[in-house]
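One letter stands for each residue in the lines below.
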Amino acid sequence: VFMKIFVLFFLLFSLAGCRSNSEERGKALFSDAAILMRQQTKITERWALEFAQIFTDQNGEKFPSNRDWFTSRVEKIIPLIDESSRIATEAADKYEGASRLMSTDRDKRGMALLGASCRKDVEVNQLYKALAQLPSDRTINDKETLIEKTGSLMRVIQQTQKQKDEQFEEGIRLLRTK
């Protein structure tokens, strides 16, 4: 995560050679988006740490007798997941705005891919939110069903995360190539 933020700031300084006024505005949007992504990363780290402490094999083995415990713990991380998504959406808007202001197709595409990566991040967050809410689903009455539904959602999360990472890496590659 730190490396991704470092790369974003490196690219920001690489774009310093932009000459037109619109490209300068694009560079400012890129900078704003990078700052937002740094904030989003900090919030994601907070909820992910708590999530990992809640969703352990040991806690899953006790389900459904600990449903209320799961629910009370999850209620504390849902606002963090929502805040992470809000910030990622704002960053995506800024990357997409920067994309429209870039002069080369390569830079436009690179910025657009960073925006798309942020939007995939929001999708990942929503999938984790759905996963976090599984134990409170009263139609799930045994640990086997919980494990099955968790596994199914985790596969979708992994696939979406892979797409997000690919978009990010390609966006960075395009912006690095001059």
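About the thresholds
- Residues numbered from 1 in each chain as written.
- Predicted model: local features only at pLDDT ≥ 70, side-chain atom pairs only at ≥ 80, totals over all residues.
- Heavy atoms only, no water.
- Helix = DSSP H or I, 4+ residues; strand = E, 2+ residues; numbered from the N terminus.
- Buried < 20%, exposed > 50% of the residue type's maximum accessible area, 1.4 Å probe, protein only.
- Contact = heavy atoms within 4.5 Å.
- Areas by Shrake-Rupley, 256 points an atom, 1.4 Å probe, with all protein chains shown as cover.
- 1 Å grid on protein atoms, 1.4 Å probe; cavity = no way out; pocket = protein on both sides within 12 Å on 5 of 7 lines; lining within 4 Å.
- Points joined across faces, edges and corners; volume = space filled by probe spheres on them.
- Nonpolar A, V, L, I, M, F, W, Y, C, P; charged D, E, K, R; others polar.
- Axes fitted to C-alpha atoms, helices over the stretch in contact; angles between N-to-C directions.
- Parallel < 35°, antiparallel > 145°, perpendicular 65-115°, else oblique.
- Left-handed = near helix turned anticlockwise from the far one by under 90°.
- Phe/Tyr/Trp six-rings, centres within 6.5 Å; stacked < 30°, edge-to-face > 60°.
- Core = buried A, V, L, I, M, F, W, Y, C linked by side-chain atoms within 4.5 Å.
- Salt bridge = Lys/Arg side-chain N within 4 Å of Asp/Glu carboxyl O.

What follows deals with the overall build of the protein chain. Regarding its fold elements, the protein chain presents six helices and zero strands. Mapped from its N terminus to its C terminus, the protein chain presents α and β elements in the order α-α-α-α-α-α. Classification of the 178 residues of the protein chain by burial places 44% in the buried group. A separation threshold of at least 6 residues defines the contact pool for the protein chain, and within that pool the share at least 24 residues apart is 76%. Surface accessibility of the protein chain: about 9,600 Å² in total, with carbon and sulfur atoms responsible for 54%.

Roughly 220 Å³ of volume is contained in the second largest pocket. In this structure, the second largest pocket is lined by Phe55, Thr56, Asp57, Gly60, Glu61, Phe70, Leu146, Ile147 and Thr150. Counting residues per element, the ones that place at least two in the lining of the second largest pocket are helix H3 (57–61) and helix H6 (143–176). Looking at side-chain class alone, the lining of the second largest pocket contains four nonpolar, three polar and two charged residues.

Take the packing of helix H4 (residues 67–101) against helix H5 (residues 105–133) next. Axis separation between H4 and H5 bottoms out at 8 Å; the angle between their running directions is 165 degrees. Taken together, H4 and H5 sit at an angle that is classed as roughly antiparallel. Helix-helix and strand crossings are classified by hand; for H4 and H5 the assignment is left-handed.

Looking now at the packing of aromatic side chains. One pass over the structure, following the stated rule, counts eight aromatic pairs. Ring centres of phenylalanine 51 and tyrosine 128 lie 5.3 Å apart, and the angle between their planes is 85 degrees; on these two criteria the pair is classed as edge-to-face. Of this pair, phenylalanine 51 sits in helix H2 (residues 21–54) while tyrosine 128 is found in helix H5, placing the two residues 77 residues apart along the sequence. Just as phenylalanine 51 is buried, tyrosine 128 falls in that class too. One aromatic cluster in this structure is built from Trp47, Phe51, Phe55, Phe63, Trp69, Phe70 and Tyr128.

This brings us to unusual backbone geometry. Put simply, phenylalanine 63 and proline 64 share a cis peptide bond, and its omega is 10 degrees. Secondary-structure assignment places proline 64 in the loop between H3 and H4.

To continue, consider the nonpolar core. Counting residues in each nonpolar core, the largest one holds 38 residues, and the members touching the most others are Trp47 and Tyr95. Elements with a minimum of two residues in this core: H2, H4, H5 and H6. Sort the elements by how many residues they give to this core and H4 lands first, with eleven residues. Apart from the residues within four sequence positions on either side, tryptophan 47 is in contact with Ile77, Leu80, Ile81, Ser84, Asn125 and Tyr128.

Time to look at the pattern of salt bridges. Inspection of every chain in the model, using the stated rule, returns 14 salt bridges. Glutamate 61 is the salt-bridge partner of lysine 143, the closest N and O atoms lying 2.7 Å from each other. With lysine 143 in helix H6 and glutamate 61 in helix H3, the pair connects residues that are 82 residues apart, well separated along the chain. For glutamate 61, a relative accessible area of 46% corresponds to the partly exposed category. For lysine 129, the salt bridge is made with aspartate 82, and the minimal N-O distance between the two is 2.8 Å. Within this pair, whereas lysine 129 is found in helix H5, its partner aspartate 82 is found in helix H4, the two being separated by 47 residues in sequence.

What follows concerns the side chain of lysine 129. Owing to a relative accessible area of 18%, lysine 129 belongs among the buried residues under this scheme. Not counting residues up to four positions away in its chain, the partners in contact with lysine 129 are Ile78, Ile81 and Asp82.

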